[in-house]
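Chain by chain, the residues run as shown.
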Amino acid sequence: MNVKKNMNTKNKVIVIAGIVLAMILIVSVIGVAIRNGSGKTPPGDGGGGNGGDGGNGVVDITDFSPDGIEARIRHYLPEEEFLEMFPVRFGTQGW
């Protein structure tokens with residue numbers, strides 16, 4: 001009986017820890033979204049907005065929004081190089 005009670009206590013602790021971590025993640029994402037704002041120009045349109053390089057070859061490394069991260073990845077690893085490095089991907093003919 002004691003073993004069963006200990007297992008239930010451990011399970012409760014794990015569930016509570018998971019909930020706390022999920023709440024921290026949600027608050028962090030909301031904080032980043034609020035800090036970054038909205039209405040910025042999409043990356044790569046030459047506007048120099050949310051991670052776009054504005055046509056000058058410079059990428060904002062402090063922009064951690066999804067668009068900013070994607071702009072950095074595309075800047076440092078262009079699509080042509082990605083396709084050359086990883087020719088066999090899920091959904092391609094070689095897969």
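The structure contained in this document is the topic of the report that follows. (Residues numbered from 1 in each chain as written. Predicted model: local features only at pLDDT ≥ 70, side-chain atom pairs only at ≥ 80, totals over all residues. Heavy atoms only, no water.)

### Notes on the pattern of salt bridges
Pairs can form between side chains of opposite charge once their charged atoms are near each other.
Logical step 1: This structure, assessed with the given rule, holds one salt bridge.
Logical step 2: A salt bridge links Glu70 to Arg74, with the shortest nitrogen-to-oxygen separation between them at 3.0 Å. With Glu70 and Arg74 both in helix α2 (residues 66-76) and four residues apart, the pair spans about one turn of that helix. (Salt bridge = Lys/Arg side-chain N within 4 Å of Asp/Glu carboxyl O. Helix = DSSP H or I, 4+ residues; strand = E, 2+ residues; numbered from the N terminus.)

### Some words on the environment of Val59
Logical step 1: Relative to the elements of secondary structure, Val59 occurs in the loop between α1 (2-36) and α2.
Logical step 2: We classify Val59 as buried; its relative accessible area is 10%.
Logical step 3: Taking the C-alpha atoms as reference, Val59 lies 9.9 Å from Ile73; in sequence the two are 14 residues apart. (Buried < 20%, exposed > 50% of the residue type's maximum accessible area, 1.4 Å probe, protein only.)

### Overview of the side chain of Arg72
Logical step 1: Tracing the sequence through the fold places Arg72 in helix α2.
Logical step 2: There is no salt bridge for the buried Arg72, and the closest opposite charge comes from Asp63, which lies 5.8 Å off by N-O distance.
Logical step 3: Polar contacts involving the side chain of Arg72 include one to the main-chain carbonyl oxygen of Asp60, which spans 3.4 Å.
Logical step 4: What Arg72 contacts, discounting residues up to four positions off in sequence, is Val59, Asp60, Ile61, Asp63 and Phe64. (Lys, Arg positive; Asp, Glu negative; His and termini not counted. Polar contact = N/O pair within 3.5 Å; in protein donor to acceptor, adjacent residues only side chain to side chain. Contact = heavy atoms within 4.5 Å.)

These figures capture arrangement, not role.
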